[in-house]
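Letter by letter, the chains look like this.
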Amino acid sequence: MAEGTPGEVPAVHEGILRRQSARESSARTYARALPIVPVRARGLTIEGADGRRYLDCLSGAGTLALGHNHPVVLEAIRGVLDSGAPLSVLDLATPVKDAFTTELFRTLPPGLADRARVQFCGPAGTDAVEAALKLVRAATGRTGILAFTGAYHGMTAGALAASGGAHDVQVTRLPYPQDYRCPFGIGGPSGAELAARWTESLLDDPKSGVPLPAGMILEPVQGEGGVIPAPDDWLRRMRRLTADRSIPLIADEVQTGVGRTGAFWAVDHSGITPDVMVLSKAIGGSLPLAVIVYRDDLDTWQPGAHAGTFRGNQLAMAAGTATLAYVRENALAERAGALGSRMLAQLAELARGYDCVGDVRGRGLMIGIELVDPEPVQATADARAVTDGPTHVDAFVAPDGLGGSGGPGGLGACGDPGGPGVARGLGGSGSPGGSGSPGGATASSALGGPGSPGDHGAAPTWPETGRTPLPAAPRLAAAVQQECLRRGLIVELGGRHASVIRLLPPLTISDEQATAVLDRLADAIDAAARHHKSHGPHPQRHPDPAQRAG
């Protein structure tokens, strides 16, 4: 904890950072972009050793469902410490473990809760992914795995092999549906339908080269892949496709679970019941804990088939029980859905004002803003203006359906708001919802898409505009992250090209805090975009998502 005179505090801060740089591995990630030294934290707020305070929308990469040091979590931890109970017990039964398992099973999808088994894994989500892959291979006697482009499942060998950045390919890679960068160039329900048909054809074609696999693993919302929610209809299609072919379906809910997306588990939106769920991060109440929960008929592996020294972490189980119960009893998932929809609507207004904001998307309090370089499109549009006239230029410059460059709210050059009041004061009149649409899970509904405005947990529904995605702008995204930090806001970068600003605030964030987050983010985008425009975009090597993951 930093103490001393005002002149000594910066020296303490700088000294710790200097020693970290000299001593720690070059593989460190967040510390490079976020040179802060946290010494105190409560809820959404972190205080650094230099005395500065920050609003933390990183939340331990989604680990802190209740924010930092929530009273119910601290009480649970103190209760175990004061009881004299053992703190690490391998896989022995304890009252603390029994209470955690009971509360966890209470939250599971109904089709799984009645016949579930749980395996406690090593303390990280990636170990739980390894356990899930082992489980389905043992149960089916098959070896192949189906995974999706853009996926991120962890940093161990098996988890990396199933992730989008794998180099030594050991799985069959399938297209994950998305709108802005749809692999088929159309997006919307038709793009999702093509992705499903591709998967079905691959499995049913005897000459596809893909034998019947041991399992399929997917994220209901791709996080590191760029905050891409899977359409509910597509998830139901994957469930039917796998069930009909006796392929276990593994849902990776490491980051999406415990209310993050507006439902307790992200699969709840679609109503599907996976065969295996991979759980970590928030289930430990801020402490390391990871489990898999699976159908009892898959429980065919032998004793010791998967183990880990720290799978009996009693403090994490106590903190996790308190967190799961608090989220359930206080309907925080529903609040996350409602508040997240309002925040997405506000961010959609920002997208209307800046053509370097290519897309806004998310579900609940898992939000992404993709930054792009509009200059190549502008140059092409100018060239077309010479031959085709202004009608074609307007259609090309504003492919998103966000309005032409001349109308109110239309797209100006990068850094030029297209209408008054867009960049600042995104909280609007009275609440984070402002005057935007109160519902809809993605920006597309706020932009006039077909999403239902009253359903806070609505599935992503996209207009099929045939728009051409603009080049990713990772340098601009990094500049926005730094401008956010200067304004006391901590955000993460993600996406295929590290060009997506990610917001993962705790579920306990207040309306006033949400307004402050959006205002600071808007100011940061404004400042970074103007600098980006005046200095011009620069080529940059796009880091792999695995290089950013925590």
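Residues numbered from 1 in each chain as written. Predicted model: local features only at pLDDT ≥ 70, side-chain atom pairs only at ≥ 80, totals over all residues. Heavy atoms only, no water.

**A short note on the nonpolar core**
No. 1: Judged by nonpolar contacts, the single largest core of 93 residues is most densely connected at Trp234, Trp265, Ile369, Val480, Leu503 and Leu521.
No. 2: With nine residues, helix α17 (residues 511-535) is the largest single contributor of residues to this core.
No. 3: The residues touching valine 480, leaving out its near neighbours within four places in the chain, are Leu371, Ile501, Leu521, Ala524, Ile525 and Ala528.
No. 4: Within the second largest apolar cluster, 23 residues are counted, among which are Ala128, Ala147, Ala214 and Val276. (Core = buried A, V, L, I, M, F, W, Y, C linked by side-chain atoms within 4.5 Å. Buried < 20%, exposed > 50% of the residue type's maximum accessible area, 1.4 Å probe, protein only. Helix = DSSP H or I, 4+ residues; strand = E, 2+ residues; numbered from the N terminus. Contact = heavy atoms within 4.5 Å.)

**What about the sheet that holds strand β15 (residues 489-490)?**
No. 1: Taken together, four strands build an open sheet; the order of strands is β1-β2-β3-β15 and the sheet is mixed. Where the open sheet ends on each side, the last strands, each with one partner, are β1 (38-42) and β15.
No. 2: In the sheet, strand β2 (residues 45-48) pairs with strand β3 (residues 53-56) via three bridges, with the strands oriented antiparallel. Its bridge partner being in β3, glutamate 47 is matched across the sheet by arginine 53. (Pairing = 2+ DSSP bridges.)

**As for helix α7 (residues 125-140)**
No. 1: Under the 1.5 Å per step criterion, the end-to-end length of α7 is 23 Å for 16 residues, consistent within 8% with the ideal 22 Å.
No. 2: Looking only at α7, the buried set comprises Gly125, Thr126, Asp127, Ala128, Val129, Glu130, Ala131, Ala132, Leu133, Leu135 and Val136.
No. 3: Just past α7, the residue glycine 141 takes up positive phi, approximately 75 degrees. (Expected span 1.5 Å × (residues − 1).)

**With respect to the confidence of the model for the protein**
No. 1: A residue-level look at the protein finds 76% of positions with pLDDT of 70 or above and a mean pLDDT of 82.
No. 2: When the criterion is pLDDT under 50, residues 416-466 qualifies, and its contacts beyond four places in sequence or with other chains add up to 137 contacts.
No. 3: pLDDT under 50 marks residues 538-543. Its contacts with residues more than four places away, or in other chains, come to 11 contacts. (pLDDT = per-residue confidence, 0-100.)

**Describing the pairing of strand β12 (residues 291-295)**
When a strand is regular, its side chains alternate between the sheet's two faces.
No. 1: Burial analysis of β12 places five of its five residues in the buried class, the great majority of the element.
No. 2: Where strand β4 (residues 116-120) meets β12, five bridges bridge the pair, whose relative direction is antiparallel. Within the sheet, the bridge partner assigned to arginine 117 lies in β12 and is tyrosine 294.
No. 3: Direction of pairing for strand β11 (residues 276-279) relative to β12: antiparallel, over a ladder of four bridges. By the bridge assignment, valine 276 is partnered in β12 with tyrosine 294.

**Focus on the packing of helix α9 (residues 188-204) against helix α10 (residues 232-244)**
No. 1: It is at 10 Å that the axes of α9 and α10 come closest, and there the two elements cross at 10 degrees. Judged by the angle between their axes, α9 and α10 are roughly parallel. Between α9 and α10, the residues in contact are Ala192, Glu193, Ala195, Ala196, Arg197, Thr199, Glu200 and Leu203 and Trp234, Arg237, Met238 and Leu241, respectively.
No. 2: Considering only residue class, the contact of α9 with α10 consists of seven nonpolar, one polar and four charged. (Axes fitted to C-alpha atoms, helices over the stretch in contact; angles between N-to-C directions. Parallel < 35°, antiparallel > 145°, perpendicular 65-115°, else oblique. Nonpolar A, V, L, I, M, F, W, Y, C, P; charged D, E, K, R; others polar.)

**Let's talk about the side chain of histidine 153**
No. 1: As for its position among the elements, histidine 153 is in the loop between β5 (145-148) and α8 (157-161).
No. 2: The buried category is assigned to histidine 153, whose relative accessible area is 3%.
No. 3: In terms of polar contacts, histidine 153 uses its side chain to reach the side chain of aspartate 252, at 2.7 Å. (Polar contact = N/O pair within 3.5 Å; in protein donor to acceptor, adjacent residues only side chain to side chain.)

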